[in-house]
Amino acid sequence: MYRILALPRAETMTPRLLRKVRSLVEAGATVVGCRPLKSPSLAGFPACDDEVRDLAAALWGDGPAPATITTRTAGKGRIVHGGDFAF
């Protein structure tokens, strides 16, 4: 089981990968990183982008990224995002 998953600075993630991230968070993992905005793939376009937006909103919440680092719980895990991370 992953305890912490640091996402790369990217605005894209496939729906399949984001579903896996969701399952990790719901099982108790902490995910650190920005909310993905769309899919990098054209497979299933435009539905793939809609799915990414819906899944991301459920995990990161709606609206713009917060100006400071914020923690949001989801299932048994949490999402840490916002501010300016220095990895």
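To start, this report covers the structure provided alongside it. Fair warning: this is a prediction, and the values are worked out from it, not measured in the lab.

### Description of the pairing of strand S3 (residues 70-74)
Strand direction decides the pairing type here: S3 and strand S4 (residues 77-81), joined by five bridges, are antiparallel. Residue pairing in the sheet places Ala74 in a bridge with Gly77 of S4. Once S3 ends, the chain turns through two residues before running back antiparallel as S4, passing Gly75 with a positive phi of about 60 degrees.

### Quick word on helix H1 (residues 15-27)
Helix length check: H1 (13 residues) gives 18 Å between terminal C-alpha atoms against 18 Å at 1.5 Å per residue, within 8%. Within H1 the residues assigned to the buried category are Pro15, Leu18, Val21, Leu24 and Val25. In the segment just after H1, Gly28 is the residue with positive phi, at about 125 degrees.

### Things to note about the pattern of salt bridges
A full pass over the atoms with the stated rule returns two salt bridges. Notably, a salt bridge pairs Arg19 with Glu51, separated by 2.5 Å at the nearest N-O pair. In this pair, Arg19 is assigned in helix H1 and Glu51 in helix H2 (residues 47-60), connecting sequence segments 32 residues apart. Residue Arg19 is classed as partly exposed on the basis of its relative accessible area, which comes to 34%.

### As for H2
Between its first and last C-alpha atoms H2 spans 20 Å; for 14 residues at 1.5 Å apiece the expected length is 20 Å, and the two agree. If you check which residues of H2 are buried, you get Cys48, Asp49, Val52, Leu55, Ala56, Leu59 and Trp60. Down the axis of H2, the buried side of the element spans an arc of 135 degrees, and every buried residue falls inside it. Those residues of H2 that are exposed and aimed more than 90 degrees away from the buried face are Asp54 and Ala58. Structurally, H2 contributes buried residues whose contacts are with H1, strand S2 (30-32), S3 and S4.

### Quick look at the side chain of His81
Within the fold, His81 resides in strand S4. Among all residues touching His81, those that are not within four sequence positions of it are Gly33, Trp60, Pro66, Thr68, Ile69 and Thr70.

The rules behind each value
Residues numbered from 1 in each chain as written. Predicted model: local features only at pLDDT ≥ 70, side-chain atom pairs only at ≥ 80, totals over all residues. Heavy atoms only, no water. Pairing = 2+ DSSP bridges. Helix = DSSP H or I, 4+ residues; strand = E, 2+ residues; numbered from the N terminus. Expected span 1.5 Å × (residues − 1). Buried < 20%, exposed > 50% of the residue type's maximum accessible area, 1.4 Å probe, protein only. Salt bridge = Lys/Arg side-chain N within 4 Å of Asp/Glu carboxyl O. Arc of directions from axis to C-beta. Contact = heavy atoms within 4.5 Å.

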